[in-house]
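Structural description and commentary
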Amino acid sequence: MTVVGGGHNALVAAAYLARAGLSVLVLERLERRGGVAGATDLFPGHGARFARHSSFLSPLPLGVVEELGLDLPRAPLPTPCAPPPGHDDHEAWRAFHTDVAGVIDRVAPTLLEPLPVERAVREAVDDAAWADLVLRPIGETVERRFTDDTVRGLVAADALVGTSASLHDPSLAPNRTFLHRHLGRRPGADQPLPLGGRGADLLAQAAVEAGAEILTSAGVSRIEGGDEGAEVTWHDATGGHTVGSRHVLSDVAPWVLRILLGDGEDPDSKPAGSQLAITMLVERLPSLRSGDDPATALAAGLPVGGYAGLEQARLDAAEGRLPAALPGELRSPSLLETGVLGDESADGRHLLTFLGHHTPAALFAHDRDARRDEAVERALASIDELLTEPVRSLLATDHDGSPCLTAAVPQDVEDDLATPGGQLFHGDLEWPWAPNRARLETPAQRWGVQTDVGSVLVCGSGARRAGVVAGVGGHNAAQAVLEGR
Ligand SMILES: Cc1cc2nc3c(=O)[nH]c(=O)nc-3n(C[C@H](O)[C@H](O)[C@H](O)COP(=O)(O)OP(=O)(O)OC[C@H]3O[C@@H](n4cnc5c(N)ncnc54)[C@H](O)[C@@H]3O)c2cc1C
């Protein structure tokens, strides 16, 4: 078994397959393992280790954590703060989140099982909830059900992670993003804490202890496959190598996989990212103009900019302008995972992450450094609207005296992680169920991990249910291989 790419989904698949007794080789082009979820030293002279550019990684499903014996702490995940009783949208918020829970509670238990068909999911969900979340554009739902701009923005932002589509887009791509985002963080449950710190290291350890071999600095350049087996060619410091195996699992984006399979590069179908990711180390949490407790608000995620601001930013970006006010979400992942700061958490320091919306790659196509700097300034100005003190005044400095702030636009993410277009999810997300008429004949089809080549399966974010939900693609590709033995 050969696994191409060494992101966290690859490591989950490798651990399952090696534990089942298969010989597993993982090939990763970077010097480190874990892909997006792999922690790196963020700022020279400080102990902060976190997944660079990530705002908050979804937790691994409990089933995966238990089956792989991962030693991750558990806690209830914080949920966005509801409008208080007496607020116009208080009841609307409760009713809406009951509807969301109705769909999520039906779908979440199926993620680690063969794909359900749409009909089976739909029959178990309230008709009105299904219509609002699955049939009509999420923008229509938000505008009909909420009146307050901030509340509308809070709900809508979950549909815009990594995409600059309109909330009224008839493709319903924002609806799918919304659903995957909520699948990744079921409220209230006693969840294993997210993966941004040492989670990927634990996964790599589980895979190696089970007998998998993980090679880093091993970039794959070609896959030649048929229905019965495939050969993978990679290069490392010693030269080129080729290995054959019954199955190849692909943790790289489907667009990259097609190139490796020899289909050539198709610029028209290349995914395009749309996010600005800022990571900062601050001496202490900022205080909020709202008077809310920053620890509570920043653990849950603080929306920056309301609904009207999101729409204005989309229009600006569509016309080729960097949005004047940059909407997004501000979080502090170190409130959940204190370990990511090393000894520095005792000094009151924290990581702050900002995930900015509507900053598509096209805006940074020329003069990237200057445009990125400009985007950061606009994002910080938008953040400052919510604080009683400028966020810059709270930044720690590194050993050269530079402020501890890193920022990445989609092109930076592509350069770092070979994620085409810097798109967060390796391409557009799909519904986490099969269409009613889907062919579900092979194990790979039943688990939603098939490609056009019988011996090559997708284990990464491009699998039907991988999306933001950590580890699901890796688990499901491994189950398809084991079922087909
Ligand atoms: C910048 C960023 C931030 C994100 N933030 C969040 C978040 O906060 N919360 C959340 O839930 N989700 C987030 N996501 C989405 C999430 O990480 C993905 O949906 C998915 O989980 C990625 O994991 P993966 O294992 O599928 O792939 P990846 O982590 O992308 O791993 C793929 C690996 O393949 C390697 N590779 C690529 N080409 C080759 C090659 N030719 N040969 C060998 N190796 C190769 C890459 O170097 C990489 O290590 C983020 C994604 C990105 C890109």
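Residues numbered from 1 in each chain as written. Predicted model: local features only at pLDDT ≥ 70, side-chain atom pairs only at ≥ 80, totals over all residues. Heavy atoms only, no water.

Observations regarding the overall build of the chain
Counting its secondary structure elements, the chain contains 16 helices and 17 strands. What you see for the chain is a C-alpha radius of gyration of 22 Å, in line with the 23 Å of a compact globule of 485 residues. Each principal axis of the C-alpha distribution contributes one length, and for the chain these read about 60 × 60 × 45 Å. For the chain, buried positions account for 57% of its 485 residues. Put simply, 75% of the contacts in the chain that link residues at least 6 apart link residues at least 24 apart. Within the structure as shown, the chain displays about 19200 Å² of accessible surface, and the carbon and sulfur contribution to it stands at 48%. Averaging the coordinates of the 41 positive side-chain charges in the chain and doing the same for the 67 negative ones gives two points 4 Å apart. (Helix = DSSP H or I, 4+ residues; strand = E, 2+ residues; numbered from the N terminus. Rg over C-alpha atoms; globule rule 2.2 N^0.38 Å. Buried < 20%, exposed > 50% of the residue type's maximum accessible area, 1.4 Å probe, protein only. Contact = heavy atoms within 4.5 Å. Areas by Shrake-Rupley, 256 points an atom, 1.4 Å probe, with all protein chains shown as cover. Lys, Arg positive; Asp, Glu negative; His and termini not counted. Charge placed at Lys NZ, Arg CZ, Asp CG, Glu CD.)

Considerations on helix 1 (residues 8-19)
The first and last C-alpha atoms of helix 1 sit 16 Å apart over 12 residues, in line with the 16 Å expected at 1.5 Å per residue. Across the 12 residues that make up helix 1, a large majority, 11, are buried. Regarding helix 1, the residues found buried are H8, N9, A10, L11, V12, A13, A14, A15, Y16, L17 and A18. (Expected span 1.5 Å × (residues − 1).)

Details of the domain arrangement of the chain
When the domains of the chain are assigned, the result is domain 1 (2-37 + 58-77 + 193-267 + 425-483), domain 2 (81-186) and domain 3 (272-422). In this structure, domain 2 and domain 3 have C-alpha centres spaced 25 Å apart. A buried area of about 1400 Å², summed over both sides, lies between domain 2 and domain 3, and 63% of it is on carbon and sulfur atoms. Along the contact surface separating domain 2 from domain 3 lie one salt bridge. Across the pair E329 and R181 runs a salt bridge whose closest N-O atoms are separated by 3.1 Å. Counting across the interface, domain 2 meets domain 3 through four residue pairs in polar contact (both at pLDDT 80 or more). Within the residue set of the side of domain 2 that touches domain 3, elements represented by two or more residues are helix 6 (138-145) and helix 7 (149-157). When residues of the side of domain 2 that touches domain 3 are assigned to their parent elements, the largest contribution, six residues, is made by helix 7. (Domains from an automatic or database assignment. Buried area = accessible area lost by both parts, 1.4 Å probe. Salt bridge = Lys/Arg side-chain N within 4 Å of Asp/Glu carboxyl O. Polar contact = N/O pair within 3.5 Å; in protein donor to acceptor, adjacent residues only side chain to side chain.)

As for unusual backbone geometry
Trans is the prevailing form of peptide bonds, just as negative phi is the prevailing case for residues other than glycine. The phi angle at H53 is positive, at roughly 75°, despite the residue not being glycine. The topology assignment puts H53 in the loop between strand 4 (49-51) and helix 2 (62-67). Positive phi, normally seen in glycine, also occurs at H426, with a value near 65°. Mapped onto the elements, H426 comes out in the loop between helix 14 (410-417) and helix 15 (443-446). Assessed through its relative accessible area of 13%, H426 is described here as buried.

So, the nonpolar core
Ranked by size, the top nonpolar core spans 41 residues in total, and within it V24 and L249 carry the most contacts. Put simply, the parts of the chain that give this core at least two residues each are helix 1, helix 2, helix 9 (199-209), strand 17 (456-458) and helix 16 (472-483). If one sorts the elements of this core by residue count, helix 1 sits on top with nine residues. Excluding its chain neighbours within four sequence positions, the residues that come into contact with L249 are M1, T2, V3, V4, A13, L17, L457, C459, A477 and V481. (Core = buried A, V, L, I, M, F, W, Y, C linked by side-chain atoms within 4.5 Å.)

Observations regarding the sheet that holds strand 7 (residues 213-215)
The five strands are arranged 7-2-1-11-17 in an open sheet whose pairing can be described as parallel. Looking at the sheet topology across the chains shown, the edges are occupied by strand 7 and strand 17. Averaged over neighbouring strand pairs, the angle between their axes works out to 20° when direction is ignored. Pairing geometry for strand 2 (residues 25-27) and strand 7, over three bridges, is parallel. Looking across to strand 7, one finds that L27 is bridged to L215. Along the sheet face, helix 16 touches strand 11 (248-250) and strand 17 and points at about 150° away from the line of strand 17. (Pairing = 2+ DSSP bridges. Axes fitted to C-alpha atoms, helices over the stretch in contact; angles between N-to-C directions.)

Considering the sheet that holds strand 8 (residues 219-225)
Within the open sheet, the three strands sit side by side as 8-9-10. Their pairing is antiparallel. The strands lining the two open edges of the sheet, one partner per strand, are strand 8 and strand 10 (239-245). For this sheet, the mean inter-axis angle between neighbouring strands, taken without regard to orientation, is 20°. Looking at chain direction, strand 9 (residues 230-236) and strand 10 are connected through seven bridges and run antiparallel. Directly across from A230, in strand 10, lies its bridge partner S245.

Concerning the layout of surface pockets
A volume near 760 Å³ is recorded for the second largest pocket. Forming the walls of the second largest pocket are 33 residues, and the residues nearest its centre are A444, V449, Q450, T451 and D452. Of all the secondary structure elements, the ones that give two or more residues to the lining of the second largest pocket are helix 10 (254-260), helix 15 and strand 17. Its residues assigned to classes, the lining of the second largest pocket shows 16 nonpolar, nine polar and eight charged. (1 Å grid on protein atoms, 1.4 Å probe; cavity = no way out; pocket = protein on both sides within 12 Å on 5 of 7 lines; lining within 4 Å. Points joined across faces, edges and corners; volume = space filled by probe spheres on them. Nonpolar A, V, L, I, M, F, W, Y, C, P; charged D, E, K, R; others polar.)

Considering the environment of A131
The topology assignment puts A131 in helix 5 (residues 127-135). Each C-alpha atom of the pair A131 and T141 lies 9.0 Å from the other, and the pair is 10 residues apart in sequence.

Digging into the pairing of strand 8
Relative to strand 9, strand 8 runs antiparallel, the two sharing six bridges. Its bridge partner lying in strand 9, I223 is registered against V232. Linking strand 8 back to strand 9 in an antiparallel pair, the connection comprises four residues.

Thoughts on the packing of aromatic side chains
Throughout the structure, instances matching the rule amount to four aromatic pairs. Geometrically, the ring pair formed by F96 and F146 is edge-to-face, given 5.4 Å between the ring centres and 80° between the ring planes. In this pair, F96 is assigned in helix 3 (residues 90-107) and F146 in the loop between helix 6 and helix 7, connecting sequence segments 50 residues apart. With respect to class, F96 is no different from F146; both count as buried. On the numbers, 5.4 Å between centres and 5° between planes, the contact of W431 with W433 is stacked. (Phe/Tyr/Trp six-rings, centres within 6.5 Å; stacked < 30°, edge-to-face > 60°.)

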